[in-house]
Amino acid sequence: MKIDRIEWWEVDQFVHQEMINSPEYARTHEQWDLVPKHIIRLHTDDGHYGVGETSRGAARGDLETACRSLLGVDPLTLNLRYIPLCQNSSPIYRGVETAVFDLVGRARSMRVGQLLGGYCRDEVVSSYWAGLQSPEYSPTAAAGAREGGYSCLKIKITHGMDVIDRLQRMLEVAPDLHFIVDAMQRYDSYDEISALAQHCADLNVLCIEDPLPKTRLDSYRRLREETGMPIALHLSSTSAVIKALEADAADLFNCSPGSMVEFVRMVDVAGTADKPCWHGSGVDLGILDLSYIHATAVAEGATIPHDILSTPLHLDDFVVQMPERKGERIAVPTGPGLGGELDMEAVERYQRAQGQWKA
C-alpha cells in the first residue's frame, strides 16, 4: 500500500451571522469567517483514502510541501505519534494528521480513538458560541443556546465592552445558562480584570479564559487567589501546560494543539494536577470537528464543554452525516477512521480552487 495521489480543495466558509461579531466589532476585528480553508483527501494505490482539513491560515505552498512528502509512503508504516513531514506548521500538521489517521483507521478497520489509545466515553459535551457582541445583540445567541439544548455558552469579550450588562441580558433570556468568558489577552489592567472577575461571580460564569497577556502568569495566580474566579489558559503544547502548572496559574485549560496526539498528552498531564480541560477550535468545517470528538472521547480529563462548532455555526458542514446531536451531547462516531464522509456537494458549492498532487 502506497499513497499515490492527494486531492485538495480550497473552500469558503459561511456562518450564521448572529453567532459571530455584532456590526460594531465586525468592522474593527478579524473577520475569520472570510478566511478560506483547505480540505485534502489522501488516496492509496489499493483504493483506501483518508480526509483532512487544515486550520485557517494554511498556505497552499506549505500544504503541498507537506503532502508531497507523503507520496510513495506506506501509511501503515508511519509513526502516528509524530508524522514526519517536510512542512509541519500547526495548521498544516493538523490537517495532514487527520487525513492520515482517517486513512489508517479505514485500512485497519479501526476508529481514530482506538488509534489514539482507546475511548473512555461514547459521547462528548459541546458548548454554544458567540463572538464579540454588544449587550443589545447578545440575547439572540442566548436564545439559540437555550433552544439548542446547551447548558454552556462561550463568549468573546474585549476591553471597553460592558460585559456585565451583556451577561445579565443573556441570563434574562436563558436563566440556567453558564458562560465561559474568553478575554483573549485583551486586558492589560489587572485592576480592571479583577473587578470584572468579581462581578462575574454571581452571573453563572464557569471561568474567565486568557484574561491577561500569558507572559504574566504571576498575575494569573494572583487573580485566582484574590477573586476566587476560576481562570482558564488557552494553550497549544504540553510544555506550556507544565509551565502553567508550575506557576499555579490556572484552574482549567483550553487545549488547542495542532495534533490529536498532543491534545491527549496535554489533557493527561493537566489531569495529574486535577485540572479539567476542553478542546478549543478554529471554528472549523466538520472534518476537524470529527477529529476533536474522537480525541475528547479518549482523554479522560476532557470534561468541560468543548468548542465543537461546525454544525451549529456554519450554514453547511463538509460531512455527509455528522454524528447525532442531542442538545449539547454528541455521539462519538462508530465507523472506521473518522467515521464520516466528505460532502462533495458542499465542496462544490463553496469551492474556490482545487487540484491534486501525484507520486
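Anything mentioned here points back to the structure above.
These notes cover the structure that comes with them. In this text the structure is predicted, and so the values were computed from the model without any measurement.

### Looking at the environment of valine 11
Next up, step 1: By the element assignment, valine 11 lies in strand 1 (residues 3-11).
Next up, step 2: When its relative accessible area of 0% is taken as the criterion, valine 11 is described as buried.
Next up, step 3: Separated by 26 residues in the primary sequence, valine 11 and lysine 37 have C-alpha atoms spaced 5.5 Å apart.
Next up, step 4: Apart from residues lying up to four places away in sequence, valine 11 is in contact with Pro36, Lys37, Ile39, Leu285, Phe318, Val347, Tyr350, Gln351 and Arg352.

### Quick word on helix 3 (residues 90-108)
Along an α-helix, residues three or four positions apart point the same way, because every turn accommodates 3.6 residues.
Next up, step 1: Compared with the 27 Å implied by 1.5 Å per residue over 19 residues, the 26 Å span of helix 3 between its first and last C-alpha is a close match.
Next up, step 2: Within helix 3, 15 of the 19 residues are buried, which leaves the element mostly enclosed by the surrounding structure.
Next up, step 3: Among the residues trailing helix 3, serine 109 stands out with phi positive, at a value near 55°.

### Here's the deal with the packing of aromatic side chains
Next up, step 1: If you walk through the whole model with that rule in mind, you get 4 aromatic pairs.
Next up, step 2: Geometrically, the ring pair formed by tyrosine 82 and tyrosine 93 is stacked, given 5.8 Å between the ring centres and 20° between the ring planes. On the criterion of sequence distance, the pair formed by tyrosine 82 in the loop between helix 2 (60-68) and helix 3 and tyrosine 93 in helix 3 is long-range, its members being 11 residues apart.
Next up, step 3: For tyrosine 82, a relative accessible area of 48% puts it in the partly exposed group.
Next up, step 4: Its relative accessible area of 6% is what places tyrosine 93 among the buried residues.
Next up, step 5: The ring centre of tyrosine 190 lies 3.9 Å from the NZ or CZ of arginine 222, which sits over that ring.

### Notes on the sheet that holds strand 1
Next up, step 1: Read from one edge to the other, the open sheet built from 4 strands follows the order 3-2-1-14, with strand pairing classed as antiparallel. Single-partner strands in this sheet number two, and they are strand 3 (49-53) and strand 14 (351-358). In this sheet, neighbouring strand axes are inclined to one another by 15° on average, regardless of whether the strands run parallel or antiparallel.
Next up, step 2: Of the strand pairs in this sheet, strand 1 and strand 2 (residues 37-44) are connected by 8 bridges, and their pairing is antiparallel. Bridge pairing in strand 2 links glutamate 7 to arginine 41.
Next up, step 3: Those strands touched by helix 2 are strand 1, strand 2 and strand 14, and its axis lies near 30° from that of strand 14.

Criteria and cut-off values
Residues numbered from 1 in each chain as written. Predicted model: local features only at pLDDT ≥ 70, side-chain atom pairs only at ≥ 80, totals over all residues. Heavy atoms only, no water. Helix = DSSP H or I, 4+ residues; strand = E, 2+ residues; numbered from the N terminus. Buried < 20%, exposed > 50% of the residue type's maximum accessible area, 1.4 Å probe, protein only. Contact = heavy atoms within 4.5 Å. Expected span 1.5 Å × (residues − 1). Phe/Tyr/Trp six-rings, centres within 6.5 Å; stacked < 30°, edge-to-face > 60°. Lys NZ or Arg CZ within 6 Å of the ring centre and 35° of its normal. Pairing = 2+ DSSP bridges. Axes fitted to C-alpha atoms, helices over the stretch in contact; angles between N-to-C directions.

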